[in-house]
Each structure stands twice: as structure tokens, then as C-alpha cells.
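Examining the three-dimensional arrangement
So the chains spell out like this:
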Amino acid sequence: MNPSPPSYLTSLLRFSLFLASNLHLTQAFPSPQPLLWTAAPTRHHRSSRSSHFSTNNLFFADAVTEKESNDVLTTQEPTTPTTPPSKSLANHTHRTLGSQELLMLPRQYRPKLDRGESFPSMTHVQATVLSATPSLAALSQSIEIAMDTHPLLRCHVEGDGEPAERIDLFRMVRKGEPDPCTFVAPPVGTFEAGDVLRVVDAPGEGVDAMERSWKANFARDMDDGSWYERRRTGPLWRLTLHRSEGGGEDAPCALVFAANHAISDQGSVNVLMDQILADVVAIEESGSVTNKAVPQDMPLAMEDSVLGRNSRWADVGLSAITPGTIKYVLDKAAEGFKNPVILPDAKGKSGGGDSLIGAVSTIMGRSAGGESEGSSQRKSVLQFRSLSKETTSDLLNACRNHGVSVSNALIAAIALTSTDFIDGGDAKPGKTRNYKVLQSLDMRRFGARLDKCETVACMAGSNDIMLGPLPDRSGETFRTSPESSQCQQLFWNLAREGKDQTKQFVDSDGPVHAVRVFDFAMTISDMNNLVDLTVKSKDSQGRAYSAGVSNVGVYERQKAVRREHDLERGNIKVKHGKYEILDVFFGTPHSRTGCLYIVSAMTVNGSMKLTFHPASPIVDEETNAKFADAFVELLEKASNAKASDPSDSGNVLSQMKIPEGSLSIAAAALGIVGLAIHAGAWSEFFSNLAEMKSNVSDPKEFWDAFNFWVFFAVGHPLLQPILWISDVLHGSPGPLVFDLVPASFLMANILFIGATAWSKEFRNALNIAVLSAFLTYVGAGLDGQAGLGDFNLQINDNYQGQVVKGCPTYEQVRQPSMDGFDLEKYQGKWYEQKFHDWTQFKEVYDTTLDIKLTSDKKGWVDDFGVKGPAPESAKLSWDKSPVANGAHYFMFGRVDENDPPGILRESGFGVEFPNYIVDVKKDPATGEYTEAIQFQCLERGGVRVFEGINFMSRKPVMSEEELKDMHRRARAAGMYPYGASEEQMHTVARRGEDEPKLDNNWQQMWHAIGVDKLLELLAESIEDGGR
């Protein structure tokens, strides 16, 4: 049963974007037809196989060339009549898919299927190159034995995985699951080798033709899973034998395994291929396999292996959430503040897809930055490399000398190599960037550890390694001078950083928390749709990581299948009989989403085999080849260079021992308290948002209004630390450097930067604290506790306990003083006295509005003058600000001839709303307007998104009695429920018009560098552009 998530949990979906990246998110190239995992047809079961093998039932494909035609390797898939659901058939083994398997499969999303859009599956491909070619008879019998051994090699998927209902505004929160996606494995003997084995005779002489053939096959299978998507009864894998035409049994060959990634990972495929080769030798030598592999049960889902049986979110719900889990979630969310690079400079906006606003857009059903038209055209580009046995051995020894693993060194190498290509070929001296590296993990090693890798299954996971900032072209510098102490220290320090972060992840039960949180997100939400939205994002182009490393380790150290007559499992071998494994290359696609640069590695017979498989056109063929060469050269230089002393004395900060997790947990606890205090306001906000979205007919109206709200909701909390730091700067004691900055402030900054750079605990806690403070401040705005005058963010908020919905009409608030209103007399300079308006900031002062009509009387311009910050807002730094002597911003609008006099149409930030002139006061002698009350109101779908109220006068200062009189008139107009009462309005501070311009060292500096001129040009360009 899938439990219904409490309403407040929907807000946690913000974090699912970060958590999705803890497992491979890469998915295959879109298939030509929708992928529907529904009720499967049944195949006529073959209760017994003939002992005499015939090649008549095999599919012999045309030779694969580098220019492979569209019909090669994609035709002649078996088809059978369909029947009703078969889950209940006797002797069928079945299991509900786990969350990670649903991501790989993937589970579909009905709202998009109804529009003809489906999510393509993720494939897993491996190529094994052998020294000789097995007979088809022996190979086929070995494959059939393997299918009888491993249930997932016989399985198909039934069930559509649709929830009983989607209960949120954006149709991504799930409740119930009456027909879950389920693995169904028919009895042994159901399939024959001909159902999965294909043979390709590569034309041409020698090994080269065969190599071209298998590489083309590898490339196609990486991005195309359509062949198994069409198979409604399975299997979900296939094996292609590439042999040289006329080469004979002693010629090398290649076996290319391809499968839906939901049923396999590299460790289990190593076990499978070893079993097949061992059985081939037994059959060829004695005619049968006398010591067969022990038939396996349906493997557990990864969630069950790590968390334990019956411990998924659907089983335990909130009871499994611990403080460590919450800390993990906040740590993942805080990674976004480090802004790791995810795209080369020439390819677009780096990091945009992982920004806060980008994540909000995605969770609300839109790709960050809009949809990229080329997302469906991305494909994998491949390069294959081998490190010599000598280099591989030297690298291992160098890693041991420095106390790190080979995986740690690979992470350092890919980060440094990435720095050589990230600038897109346009060198930027001095530029530094942060890098987020995905490190693949075998999840069998963590948590309950129930899966022992005895059968084919997928237990793939990952953790994130954050490195940097690193200067551009650091890898090039290392390759040029690998023995310099600076380069050596950089490489091995990066390797140690990777080791430390991995150790911290494992020691803090990170793998368990990652699996639990991902299972939560996948269970209650349509994660695959969120992934699809990131795939199509213009901002990220599907990239979530700077780089990625998948290192399986040493092939021969893995355990082989369990055999019937063996007491213990033996090890995998690189040679069975005459068949020696020459090469093993593998990969999963990152074409849709995943890493910018990616390498998959495995050491076989002492030589490391490397597959480079990024997405084109983000990384083109030529760049990938150069990247692979640079990566290999860097490893060669690192392994051969003289090892420096692995001990790093560092500095005082690096030796500080902060109890692990203590600061982060404290920061997280404070953040949770802050969120809890304002939980009711957040709930009310999302409820109003849902009402607005459901009521508007044009989605653009909703998004424009929401983006308007987001812009200013974010702006206010960002201003607060700026003001605080400014006051700390100017309040710091000691001598001034250049008569501007106190030396003590500079020293404090050095210490702070040092603590941030050298203490991961401090860094993590700081990121969590910043995120928590931001969310708490916005929550206070929603709750009306952060200043009702300038930060009352709630939409459709209440007044005196009563919710006031929408905006009033002009006639409902218009006062008799507006009779005979003359808009031309309204022009001129006004001094703002009070406001209720969250598009303004209470920290500014001396605000004025200079209103002018355009020459055709159909438009108007408002020159909004401000100074800031106000003396009361920044007591120590207000006079040092670049806008302390004033700045001008322009607002524009139109005069609609259909509106009654007194309404101005105001536009900005993508929205237009009416600006009501509600009341004016006239000079009895001249008839000129001396006071005015303005009221702006933005409504969408019956929900009031914004209200702005301004009390204005022609004179700079008004008496208390004059202001009270304006409140009385506003009350008479019915504006108190919208924010016009005294407690809901902010009084604008004034310094006095006769006060001289501020002149101090800081103002002279701003003038010297031309800030005042820049502000003037900016104001003029805005004004000219608005005319």
C-alpha cells in the first residue's frame, strides 16, 4: 500500500531534485514509440529444450558498420499475440519494483502519456572482447542455463504504476498505487537463446573490422532501448556476438551485453559473463555442464538490500526519519549554494538548472529556463582507452603511498581534466570554479547488505564529491609539470578530499539516508517527470554534475556464481580454457541527464579499461577524444611522478577538530524550528497558489504572477546580510587600509575564508544555516512577522482574522474627491510618506515619485527616486553606500481610454495591474493636488497576489495629524483590509532636503570609479527604453 503523504510533506519535493542525483539519472535516447509497462502478453512456454542445437532460431544481423543504417539491429524482434494480465499464472515469480528500478525502467507519467509523450528507458551496455570465438551451440546452451539461473533475465514488467490519484496543484504528488510496476519472471525453460542472442559477422580482414562492428553496436545500444521496450513479455536484455567474417574459432570476438538498467549493474553482469564463459568451456570440452550454477530466487530491490526487508517508505513512513536523515536532506539542498559548474562556457548558462528559482520552476512543472528544443537529439559519444599494465600498477602503488584508493585518484584526475575543457576553448586566466563529481557506488556494501551479488540485479548508487574552487586549465598545468611540489600537492590533496568526503558519507550512514529519502521522494511523487523536466531545461541541458566516475575495481576480485558442487564461491577469472578476456568496456547513457564529463573504469588482467561516454552535442566527438587523451596522460604522469610527502601540515584551521556533524546538526535543528514556526503560513500560501492556478485559463498568467512574487520575495532576504556586513565593515576597529577598509575587517575575512576553505564541517553548517535563514525569513513574510509595510508576502491575506480575497473594483474604493479628476494636474513630483508595498524596501529613505505623461497622453512614466540605506537601517554604513546620494528607477504604464479617470495601468516584471488613484486633496486656493492615496492591486484567478498602497504629498514632511487624516480617508475608502491601517504601513524616513550631499572617502571612491555616472546612464537608458 502506498500511504497518502501529509500535506506539509509536499514542500519537501523541492529537495527531490537534489536527491535524484544520488543515483544514476541518465536515461536512454527517446524511443520511437511510447513505453507502456502494462499488462503483458504471455509467450508459449517451452517446457523442455531440445538437446540438439540448431542455428535456425538465431537472429543473424547484418554487419554493423560505423555508418549503421536505421534498420540494422532493430528489426525481427519476436512478436506474439497479447493476452490479459498474467501475474497470477502458476510458477511465475514476481516482485514489485523498487524506487531505483522505477527510475531506470522508467515508471511513466500518465499526464504526459495522454499527450503522446513517454520517458525512454535507461540502458546498460558492456562489451567483452575474447581471444577466441565460441561455437554458437555452446554459447546458446550457456545462455539458456544463465536464463534459468537468474530470474531477471527471464522477466518482463507488468502494471502501469499509476497512482489512484494525484493530490497536489501540479499533479506530481501521488496517493495510492493500485497497479504497481512489477517484475514477472516466467518458469525456467520459457525462453531460448534465440530470444536474446544475435550474431554479427563483420566483413573485412582481422580484428579491426570486428572492433568497428562491436563499437557501433555499443554506441547504438547506449541510446536506444526500443528493442526491449517493444517486447511485452521480455526478456529485457540481449547479447550480440561480433565475429570476424571467415575468422574461425581461433579469431578474437566480442560479446556486447545490453539491458534495461533496472535489471543489471556492472558487478552482476561480470558474474553473468563469467558464468557464460565457464559454461561454454565445459560444454565444448565435455558436452554438458556438470557443475551448474545454483538457480537463484528473484533478487531483492536495492531498497530492501540496504534498508532491510519491509522497510521501504510504503512500509514504515515517517517512523524511519531520523535527525541524520534530516541533516542529509539539508546538506544536499545546501550543495546548490556552491554553484558547481555543469556546462562549458560555450554551451550556455552554467549552474542555472540547479538554482533555487530553477528548482522551484521544475517542482511546479516547468523546465528551468524553458524547454530546450535539442534535448531529444542528444546522444552518447564514445571513446575507449586502456592504461598499460605497468601504468596501472604504478598508479596503484602511488595511491597506496598517498593513502588513497584508485577511485579517489580517478576523481582527482577527472576534476583536473575537466578544468582544461570547461572554458570552451576561450582561456580565462585567474578564473576558478567549483566541481561536483558523481562517484558511483555498489550499494550492496551498505546498510543491511542483504544482496550478495549472486544473481543479476541492479544495486547501483552514488555519492557526490564537491571539489574546488579549481583554476581553469589546472590539468594542463599538472601535465606540464607533474613533479612540481605544487602540482603534486594539488592532485593528491584532491584525491584525499574525495576520500574524506566518501568516508564522511559512509560513516554518517549517508548511503542509508540517501536510499531512504530517494525512496520517499519516488513513492509520493512523480520523480521521473521531474527528471524529464531537467532533461529539457535550457539552463542545465540535463546536466546535474560537472563530471562522474564509475570504477568497478578489479574484475578478478569479484566472486563468481555459486555452483552446485562447490562449498564456496570462487572468483571470477580472466581466462576460461582458451578464452582469455582481452578487454571489458561498459557504460550507461548520460545523453538525457547526468554528468558533463563521465568515465567508466574497470581493471582487467592488470590493465585499467576506460570508457568515456558524455552527451553530444554538449561534448562533441573531437572534444571527447581530446578529453580521453588528456585524462590518460594525466594518470600516467601522476603514477610516474616522484611521490611527495603525503603528510600535509596545512595550517591551524586544517588541524581544528570539530566534532563531526555537530555544527550541521545544530544549524539544521534551528532551520527546522524556523520552518515549523511558519508552517501554517506556508500551508496557506500553497493553498492560495493552488486556487490561483486552478482558476486561471491561461497558464502564462499564473506563471507571470508567480514569478513577480518570487522576484521580490527573494530580494528582501538577500538585502539583509548585505546591510549587516556593511555595518560590520564600518564598525570594525583599527587603522584603515587606503582610508577605506579597517585592517581588522580584512583579517576577519581572511579567517572566515580560511575556516570555510579548510573545514568541511563549518562549510556544510554555513550552507545549511544560510538556507534555513532564507526560508525562515520568507516564512516570516508570509506570516506577517517581517514588517507588514514592506514584506507582507501572503497572497489573499487576512485582516483582523478574516481572509480578504481578490482585489476591489475601482468604484468600491474611489472617493468623491476624485470627481472631475484631471490627470495632467496629477503630474509632477510627489514625496512618498507611507507605504504598504512589498516591492519596496523599508531600508531606503527620501523616496519620491515624479510622474509624467507621454506626449500622446496614452502613457506615463514614474521616475522613482530613492536613497539608501536609511540611517536607522544601517547606523554605521548608511553614508558610505553608492546610492546614499540618490538613485533613480523608472516605472511605466499606460492610460486606457476605456478606464474611468483615476486609473493608471502599471506594468513591470511581466505583469500589468491597475494603479487606482483613490483620493486626492486639493489646495483650496489653486485647486492643485497636494495629497494623494494610490492603490495598486494584482489579482489572478480570484487570488490577490500583490497590493501596494502609497500615501503621497507635494511637501517632504507631513505632520502626524495630517498623516492620521490620510488614514481616516483610506479607511473610509475601505482600504484597511488591504493594508492601509497604521500598523500595516511603513513610514518613509527623511533626512531633509536642505542637508548637503554626502561627501566622504567612500563617496569619493564611488565617484572616482564612475558609479554615479553609471547610475545616471542606467536611469537614462531605462527611461528611453520605456518611452
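Procedures and definitions
- Residues numbered from 1 in each chain as written.
- Predicted model: local features only at pLDDT ≥ 70, side-chain atom pairs only at ≥ 80, totals over all residues.
- Heavy atoms only, no water.
- Helix = DSSP H or I, 4+ residues; strand = E, 2+ residues; numbered from the N terminus.
- Buried < 20%, exposed > 50% of the residue type's maximum accessible area, 1.4 Å probe, protein only.
- Contact = heavy atoms within 4.5 Å.
- Areas by Shrake-Rupley, 256 points an atom, 1.4 Å probe, with all protein chains shown as cover.
- Pairing = 2+ DSSP bridges.
- Phe/Tyr/Trp six-rings, centres within 6.5 Å; stacked < 30°, edge-to-face > 60°.
- Lys NZ or Arg CZ within 6 Å of the ring centre and 35° of its normal.
- Axes fitted to C-alpha atoms, helices over the stretch in contact; angles between N-to-C directions.
- Core = buried A, V, L, I, M, F, W, Y, C linked by side-chain atoms within 4.5 Å.
- Polar contact = N/O pair within 3.5 Å; in protein donor to acceptor, adjacent residues only side chain to side chain.
- Salt bridge = Lys/Arg side-chain N within 4 Å of Asp/Glu carboxyl O.
- Expected span 1.5 Å × (residues − 1).
- Patch = residues over 30% accessible without salt bridge, like charges linked within 9 Å, V, L, I, M, F, W, Y side chains within 5 Å.
- Lys, Arg positive; Asp, Glu negative; His and termini not counted.
- Parallel < 35°, antiparallel > 145°, perpendicular 65-115°, else oblique.
- Left-handed = near helix turned anticlockwise from the far one by under 90°.
- pLDDT = per-residue confidence, 0-100.

**Considerations on the overall build of the chain**
Of regular secondary structure, the chain possesses 28 helices and 33 strands. Across the 1027 residues in the chain, those meeting the buried criterion constitute 57%. Restricting to contacts in the chain with at least 6 residues of sequence separation, those with at least 24 account for 78%. Counting only carbon and sulfur atoms, one obtains 53% of the accessible surface of the chain, whose full area is about 41500 Å².

**Remarks on the pairing of strand S25 (residues 828-836)**
Moving residue by residue along a regular strand, the side chains alternate between the two faces of the sheet. Burial analysis of S25 places seven of its nine residues in the buried class, the great majority of the element. Of the strand pairs in this sheet, S25 and strand S26 (residues 845-853) are connected by four bridges, and their pairing is antiparallel. Across the sheet, Lys-829 pairs through a bridge with Asp-850, a residue of S26. Taken together, the five bridges between S25 and strand S32 (residues 943-953) define a ladder with antiparallel strand orientation. Looking at S32, one finds that Lys-834 is bridged to Phe-951. Strand direction decides the pairing type here: S25 and strand S33 (residues 986-987), joined by two bridges, are antiparallel.

**With respect to the packing of aromatic side chains**
This structure, assessed with the given rule, holds 37 aromatic pairs. Seen in terms of ring centroids, Phe-612 and Phe-631 are 5.4 Å apart; in terms of plane orientation they differ by 75°. Their pairing is edge-to-face. Taken together, the residues Phe-612 in strand S19 (residues 607-612) and Phe-631 in helix H18 (residues 621-640) connect sequence positions 19 residues apart. With relative accessibility at 0%, the residue Phe-612 sits in the buried group. Classification of Phe-631 as buried rests on a relative accessible area of 0%. A ring pair is formed by Phe-708 and Phe-946, whose centres lie 5.6 Å apart and whose planes are at 70°; its orientation type is edge-to-face. Separated by 238 residues along the polypeptide, Phe-708 in helix H21 (residues 699-731) and Phe-946 in strand S32 bring together distant segments of the chain. On the basis of relative accessible area, Phe-708 is assigned to the buried category, the value being 3%. Across the ring face of Tyr-545, the terminal group of Lys-436 is positioned such that the distance to the ring centre comes to 5.1 Å.

**Considering helix H17 (residues 527-535)**
The buried fraction of H17 is high, at nine of nine residues. Buried residues of H17: Met-527, Asn-528, Asn-529, Leu-530, Val-531, Asp-532, Leu-533, Thr-534 and Val-535, and no others.

**Notes on the environment of Phe-631**
With 32 residues separating them along the chain, Phe-631 and Val-599 place their C-alpha atoms 9.6 Å apart. Those residues in contact with Phe-631 that sit more than four places away from it in its chain are Leu-410, Ala-413, Ile-414, Thr-417, Val-599, Leu-610 and Phe-612.

**Some details on the pairing of strand S10 (residues 253-260)**
Along S10, eight of the eight residues are buried, which leaves the element largely enclosed by surrounding structure. Across the two faces of S10 the burial is the same, with Cys-253, Leu-255, Phe-257 and Ala-259 and Ala-254, Val-256, Ala-258 and Asn-260 all buried. Summarising the sheet, strand S9 (residues 237-244) and S10 pair through seven bridges and their orientation is antiparallel. By the bridge assignment, Thr-240 is partnered in S10 with Val-256.

**So, the sheet that holds strand S14 (residues 460-471)**
The mixed open sheet is built from six strands, whose spatial order is S12-S19-S18-S15-S13-S14. Edge strands, defined here as strands with exactly one partner in the open sheet, are strand S12 (383-386) and S14. Each strand axis lies, on average, 20° off the axis of its neighbour in the sheet, ignoring direction. By the bridge criterion, eight bridges tie strand S15 (residues 543-554) to strand S18 (residues 594-604) in an arrangement that is parallel. Each bridged residue has a counterpart across the sheet, and for Arg-543 the counterpart in S18 is Gly-594.

**Side note on the nonpolar core**
Ile-143, Phe-183, Trp-214, Phe-218, Trp-237 and Trp-709 are the most contacted members of the largest nonpolar core, which totals 138 residues. Here this core gets ten residues from one element, more than from any other, and that element is H21. With 49 residues, the next largest nonpolar core counts Cys-399, Ile-465, Trp-492 and Phe-631 among its residues.

**Structural notes on the environment of Ala-216**
With respect to the helices and strands, the residue Ala-216 is situated in helix H5 (residues 206-223). Spatially, the C-alpha atoms of Ala-216 and Leu-382 are 9.7 Å apart, while their sequence positions differ by 166 residues.

**Brief notes about unusual backbone geometry**
At the junction of Leu-105 and Pro-106, the peptide bond is cis and its omega measures out at -10° in the coordinates. The topology assignment puts Pro-106 in the loop between helix H2 (99-104) and helix H3 (110-113). For the peptide bond that leads from Gly-468 to Pro-469, omega is 5°, which places it in the cis range. Tracing the backbone through its elements, the reader meets Pro-469 in strand S14. With a phi close to 55°, Arg-449 is a non-glycine residue in the positive phi region.

**Some thoughts on the side chain of Thr-128**
The residue Thr-128 is located in strand S3 (residues 123-130) in this model. Residue classification places Thr-128 among the buried residues on the basis of a relative accessible area of 2%. A distance of 2.6 Å separates the side chain of Thr-128 from the side chain of Gln-126, its partner in a polar contact. When near neighbours in sequence (up to four residues on either side) are disregarded, Thr-128 contacts Cys-253, Ala-254, Leu-255, Met-273, Ile-581, Asp-583 and Val-584.

**A few points about the pattern of salt bridges**
Going through the model one piece at a time under the given rule, you end up with 58 salt bridges. The partner of Asp-526 in a salt bridge is Arg-174, with the nearest N and O atoms 3.0 Å apart. Here the residue Asp-526 occupies a position in the loop between helix H16 (510-524) and H17, and Arg-174 occupies one in strand S6 (residues 174-175), the gap between them amounting to 352 residues. Taken as a pair, Asp-526 and Arg-174 share a single burial class, namely buried. Shared partners join several salt bridges into a network, and the residues in it are Arg-107, Glu-162, Arg-166, Arg-174, Glu-177 and Asp-526.

**A closer look at H18**
Compared with the 28 Å implied by 1.5 Å per residue over 20 residues, the 29 Å span of H18 between its first and last C-alpha is a close match. Of the residues making up H18, those classed as buried are Asn-624, Ala-625, Phe-627, Ala-628, Ala-630, Phe-631, Val-632, Leu-634, Leu-635, Ala-638 and Ser-639. Here H18 starts with a cap whose side-chain oxygen sits 3.3 Å from the backbone nitrogen of Glu-622, and that cap is Asp-620.

**Description of a nonpolar patch on the surface**
On the surface, Leu-318, Ile-321, Ile-326 and Ile-672 cluster together into a nonpolar patch covering about 280 Å² of accessible area. Along the polypeptide, Ile-326 turns up in helix H10 (residues 323-334). By relative accessible area, Ile-326 is classed as partly exposed at 31%.

**Quick look at the sheet that holds strand S2 (residues 93-96)**
Read from one edge to the other, the open sheet built from three strands follows the order S2-S7-S4, with strand pairing classed as antiparallel. Whereas interior strands pair on both sides, the edge strands pair on one side only; in this sheet they are S2 and strand S4 (156-158). Pairwise comparison of adjacent strand axes, ignoring direction, gives a mean angle of 30° for this sheet. With three bridges joining them, S4 and strand S7 (residues 182-185) adopt antiparallel strand pairing. Note that in S7 the partner of His-156 across the bridge is Val-184.

**As for the side chain of Arg-378**
Looking at the secondary structure, you find Arg-378 in the loop between helix H11 (356-363) and strand S11 (379-380). One buried charged residue, Arg-378, remains without a salt bridge, the closest side chain of opposite sign being Asp-532 at 8.4 Å. A distance of 3.4 Å separates the side chain of Arg-378 from the backbone oxygen of Gln-541, its partner in a polar contact.

**Looking at the packing of helix H13 (residues 406-421) against helix H15 (residues 485-507)**
H15 packs onto H13 with a crossing angle of 120° between their chain directions and a minimal axis gap of 8 Å. Taken together, H13 and H15 sit at an angle that is classed as oblique. Seen from above, H13 lies across H15 with right-handed handedness. Across from Asn-408, Ala-409, Ala-412, Ala-413 and Leu-416 in H13, the residues of H15 making contact are Leu-490, Phe-491, Trp-492, Leu-494, Ala-495, Gly-498 and Lys-499.

**What to know about the confidence of the model for the chain**
Per-residue pLDDT for the chain has a mean of 84; in total, 85% of the residues score no lower than 70. A low-confidence stretch, residues 1-89 stays under pLDDT 50, and its non-local contacts, those more than four residues away or across chains, total 263 contacts.

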